[in-house]
Amino acid sequence: MAQSVLLTGAAGRVGEAILEGLADEHEWRLLDRDPPTEDHPGEFVVADITEDETVREAMDGIDVVLHLAGDPRKTAPWESVLTNNIDGTQTVFEAAIDAGVEKVAFASSNHAVGHYETDERTPDLYRTHDDYLLDGTELPRPGNLYGVSKVAGESLGRYYHDEYGLSVVNVRIGNLTEGHPPIDYERGQAMWLSYRDCAHLFDRCIRADYDYEIVYGISDNDRKYYSLERAKDVLGYEPRDNSARHDD
Ligand SMILES: NC(=O)C1=CN([C@@H]2O[C@H](COP(=O)(O)OP(=O)(O)OC[C@H]3O[C@@H](n4cnc5c(N)ncnc54)[C@H](O)[C@@H]3O)[C@@H](O)[C@H]2O)C=CC1
Ligand SMILES: O=C1O[C@H](COP(=O)(O)O)[C@@H](O)[C@H](O)[C@H]1O
């Protein structure tokens, strides 16, 4: 059944992948501080996620929020992640609760656990013979301040789930690259997320039933060091791509 979905950060790359695959599947309201540059489904709200009133208006009648808006740079300074990724995410969750939204899927990141990639573990970690796997039950170990902001977002989701019963899934996205895995970049190949797997994964976040979850958002890469079991079991994720099937 079509759901009414608010997609924040709709003008970005992850938003593009989702809309490429799912434009006709749901009723969309798109939000971004940048105006649209291409045709898009549904209505488009040009707003900053830190603008409380506008975000509240954008939540009206929404069933599910896919919250992508934020500063995606691993080198982002604290001032930016504090405003865009932490304060903005809190504004989105608060407005979602007040509007009676059922589910929020939060675009978390591999950088929430970046410091598991120690000198001792790498580069073997990125290779198929190594069986080390993170599965989402491990404690966060952010690799930079951007990663800290993603852990904060996951923690906000935990609070809004426990306090208000909101369904929350945190998708620790790997490396979204269109058409092929990153070239000459083992880490990126291990955590590649294809555009079609990205769209399918967020479709499952819209349709599945869950309480509070942390899942990894990557394709079914031979090289992976992130488990896909939780995404498969809880969301029904069925990835179709694998970086090993592409020439490096
Ligand atoms: N692309 C990737 O491989 C990965 C992305 N992510 C996360 O996914 C989300 C989307 O990332 P991308 O699409 O790659 O980034 P992007 O930079 O292409 O898109 C982000 C969008 O959010 C908007 N935005 C940023 N701050 C905003 C604010 N305060 N108010 C309203 N809109 C705002 C920007 O205008 C932009 O259109 C981010 O939260 C990022 O941290 C996480 C892991 C990997
Ligand atoms: O969270 C993110 O992660 C991806 C992959 O990280 P990288 O350090 O291997 O490049 C990154 O491309 C993306 O911009 C970022 O938002």
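All values reported here derive from a predicted model rather than from experimental measurement.

Undergrad: Could you clarify how one ought to interpret the overall build of the protein in this entry?
TA: On a plain count of helices and strands, the protein comes out with seven helices and nine strands. Against the compact-globule benchmark of 18 Å for 248 residues, the protein has a radius of gyration of 17 Å, which places it among compact chains. When its C-alpha atoms are laid out on the principal axes, the protein stretches across 50 × 35 × 30 Å. Across the 248 residues in the protein, those meeting the buried criterion constitute 56%. Considering only contacts in the protein between residues 6 or more positions apart, those separated by 24 or more positions represent 69%. Working note: accessible area of the protein is about 11,200 Å², and carbon and sulfur atoms make up 44% of it.

Undergrad: So what exactly am I meant to see when it comes to the site of ligand 1 here?
TA: Looking at ligand 1, there are 25 residues lining it, with R13, D32, L68, Y146 and K150 nearest. G12 is positioned such that a nitrogen or oxygen atom in its backbone is 3.4 Å from an oxygen atom of ligand 1. Here an oxygen atom of ligand 1 and a backbone polar atom of V14 are 2.9 Å apart. Look at ligand 1: alone it shows 820 Å² of surface, and the protein chains cover 91% of it. Mapped onto the shell around ligand 1, the elements with two or more residues apiece are α1 (13–22), β5 (103–109), α4 (145–164) and β7 (175–176). No other element matches β5, which puts three residues into the shell around ligand 1. Across the shell around ligand 1, the residue classes break down as eleven nonpolar, eight polar and six charged.

Undergrad: Sorry if this is basic, but what is going on with the packing of helix α3 (residues 78–99) against α4 here?
TA: Packed helices, taken two at a time, are described by their axes: the angle between them and the distance between them. The contact between α3 and α4 brings their axes to 9 Å, and the two run at 15°. For the element pair α3 / α4, the angle class is roughly parallel. Of the two elements, α3 crosses α4, and the hand of that crossing is right-handed. Between α3 and α4, the contacting residues are W78, V81, N85, I86, T89, Q90, F93, E94 and I97 on the first element and L145, Y146, V148, S149, K150, A152, G153, L156, G157, Y160 and Y164 on the second. Looking at side-chain class alone, the contact of α3 with α4 contains twelve nonpolar, six polar and two charged residues.

Conventions used here
- Residues numbered from 1 in each chain as written.
- Chains lettered and ligands numbered in written order.
- Predicted model: local features only at pLDDT ≥ 70, side-chain atom pairs only at ≥ 80, totals over all residues.
- Heavy atoms only, no water.
- Helix = DSSP H or I, 4+ residues; strand = E, 2+ residues; numbered from the N terminus.
- Rg over C-alpha atoms; globule rule 2.2 N^0.38 Å.
- Buried < 20%, exposed > 50% of the residue type's maximum accessible area, 1.4 Å probe, protein only.
- Contact = heavy atoms within 4.5 Å.
- Areas by Shrake-Rupley, 256 points an atom, 1.4 Å probe, with all protein chains shown as cover.
- Near = heavy atom within 4 Å.
- Polar contact = N/O pair within 3.5 Å; in protein donor to acceptor, adjacent residues only side chain to side chain.
- Nonpolar A, V, L, I, M, F, W, Y, C, P; charged D, E, K, R; others polar.
- Axes fitted to C-alpha atoms, helices over the stretch in contact; angles between N-to-C directions.
- Parallel < 35°, antiparallel > 145°, perpendicular 65-115°, else oblique.
- Left-handed = near helix turned anticlockwise from the far one by under 90°.

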